[in-house]
Amino acid sequence: MIRTIKTIILTCVATIVVAAAGLALYTWSGAYGIGADQPHTRVVTAFVATARDRAVRAHAAGIEVPTDLASEARIRQGAGNYAAMCATCHLSPGAKSSELSRGLYPAPPRLDRMKVDPAVAFWVAKHGIKASGMPAWGRSMGDEYLWNMIAFIGALPDLDADAYRALVAQSGGHSHDDGNDDHDHGDDTDPHEGTGHEHGAADAGTSGAAGPPVDAGAAPAVAVVDAFGAALVAGDLATVKDLLDPAVVVLEGGGAERSRDEYMDHHAGADAAFLKGAHVTRTSRTARASGDLAWVATESTIHTHGARPATLASSETMTLARHDGVWRIVHIHWSSQPG
Ligand code: HEC
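Just so it is clear, the structure is predicted and the values come from calculations on it, not from any experiment.

The rules behind the values
- Residues numbered from 1 in each chain as written.
- Predicted model: local features only at pLDDT ≥ 70, side-chain atom pairs only at ≥ 80, totals over all residues.
- Heavy atoms only, no water.
- Donors = N, O, S within 2.8 Å, 3.2 Å for Na, K, Ca; no water.
- Tetrahedral: all angles 85-135°; square planar, octahedral: opposite > 155°, others 65-115°.
- Helix = DSSP H or I, 4+ residues; strand = E, 2+ residues; numbered from the N terminus.
- Buried < 20%, exposed > 50% of the residue type's maximum accessible area, 1.4 Å probe, protein only.
- Near = heavy atom within 4 Å.
- Polar contact = N/O pair within 3.5 Å; in protein donor to acceptor, adjacent residues only side chain to side chain.
- Nonpolar A, V, L, I, M, F, W, Y, C, P; charged D, E, K, R; others polar.
- Pairing = 2+ DSSP bridges.
- Contact = heavy atoms within 4.5 Å.
- Arc of directions from axis to C-beta.
- Axes fitted to C-alpha atoms, helices over the stretch in contact; angles between N-to-C directions.

Caption draft 1: Molecular detail of the coordination of the iron atom of the ligand. Looking at the metal site, the iron atom of the ligand is ligated by His90 (NE2) and Met134 (SD), spaced 2.0 to 2.1 Å from it. The site at the iron atom of the ligand holds six donor atoms, and with the angles between them running 87 to 178 degrees, its shape is octahedral. On the criterion of sequence distance, the pair formed by His90 in helix H4 (residues 87-90) and Met134 in the loop between helix H6 (118-127) and helix H7 (143-155) is long-range, its members being 44 residues apart. Judged by relative accessible area, which is 12%, His90 ranks as buried.

So, in structure tokens, the structure goes:
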């Protein structure tokens, strides 16, 4: 009896030793197909895929997903960074394959054609995946910017090529902190970095009274001001609200509203009704930014078509502040006179 057990144990040990030696020899021989243009064998594919999926799921388990992930401001801010940092590999609506997407193994999944669980996507974006092309973006980006990008990825499969381009244009381009400390490169005026739509201004320098009317660092704030105006004219009060800071102060016609709630409850509806379908022609604009603050002054001529068509000369100042990578309006001053 004892001899039989001994034999069984010895046989097992011998088998393991022979298998390990075989594996070591095979590894040492260099015969394994390591080229990225040659797929793994089925056994290795299954092993790597299972190990990756189990590990990602386990590591993402404790991550708390922000409750406002579907917010338009997050999605818009994330769009520019996706276009600048992810789209060469993960592609975008209407895009054909790229040199990177064709050449990498494992191939980067098309994020415009799939939904990824937000906690999983966040973990992968932050930490990357070893021995694949997927970098650890947490080395260079703060969590809030990463979440904005995850918010964008959540919306991406529902966008067509035009909607994708429009969001990227509104987003303020490639802007984020460095993920390590508090200072912020978001207001970088490097003309090569901006994919925001005001980058013509970047060429002319940014400082001093003789600078261009709209400085490049203010482009993301200007995009918010324009989106706000467009939303009012379209009667899209959800977007109007989304672009306002909760503590916004609105000065209008000699009166004041001292919070977003107060404005939304009182004047927003009336302003939208007044402007419904209005034709707004901008006659002048100046915009400046410094760090997380920007101010945008706009003069325009407004033709309304409502019950009493009117033409007004309107002037507007907006102050915007950036929190966690998102620009919102903190102050508005409107005045107008018959034009
Ligand atoms: C150089 C190419 C490359 C770039 C750039 C890149 N990725 Fe990836 N990404 C990959 C590859 C390759 C994989 C697949 C890894 C694997 O399956 O082992 C991947 C996987 C992912 C996944 C996991 C998808 C799933 O199936 O669960 C997410 C999410 C992701 N990337 C997000 C991003 C984001 C966000 C960015 C931009 C900040 C980005 N990636 C930039 C190559 C890239």
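Caption draft 2: Structural detail: the site of the ligand. As a matter of local geometry, the ligand sits amid 22 residues, with Arg52, Cys86, Cys89, His90 and Met134 nearest to it. Contacts to the ligand include His90, whose side-chain N or O atom sits 2.7 Å from a nitrogen atom. For the shell around the ligand, the per-class residue count stands at 18 nonpolar, three polar and one charged.

Caption draft 3: Broad picture of the pairing of strand S6 (residues 326-338). With five bridges joining them, strand S1 (residues 244-252) and S6 adopt parallel strand pairing. By the bridge assignment, Val249 is partnered in S6 with His331. Sheet topology places strand S5 (residues 310-323) next to S6; 12 bridges connect them, and they run antiparallel. Considered in S6, the bridge of Glu316 is made with Trp334. In textbook terms, the turn of a hairpin is the stretch between consecutive antiparallel strands, and for S5 and S6 this stretch comprises two residues, one of which, Asp324, has a positive phi near 50 degrees.

Caption draft 4: Broad picture of the side chain of Ser101. Considering the arrangement of structural elements, one finds Ser101 in helix H5 (residues 99-103). A distance of 2.8 Å separates a polar side-chain atom of Ser101 from the backbone nitrogen of Ser98. Beyond its immediate stretch of four places on either side in the chain, Ser101 contacts Thr88, Cys89, Leu91, Ala107 and Pro108.

Caption draft 5: Examining helix H12 (residues 267-275) more closely. By the burial criterion, the buried members of H12 are Ala268, Asp271, Ala272 and Leu275. Along the axis of H12, the buried positions cluster into a sector of 95 degrees, meaning they face one direction only. If you follow the buried residues of H12, they end up packed against helix H9 (219-234), helix H10 (237-242), S1, helix H11 (260-265), strand S4 (293-304) and S6. Just beyond H12, the residue with positive phi is Gly277, at close to 70 degrees.

Caption draft 6: Structural detail: the sheet that holds S6. Strand order across the open sheet formed by six strands is S2-S1-S6-S5-S4-S3, with mixed pairing between neighbours. Two strands close off the open sheet at either side, each with one partner strand: strand S2 (255-257) and strand S3 (279-290). Within this sheet the neighbouring strands show an average axis-to-axis angle of 15 degrees, counted without direction.

The quantities given are spatial measurements derived from coordinates; they are silent on function.
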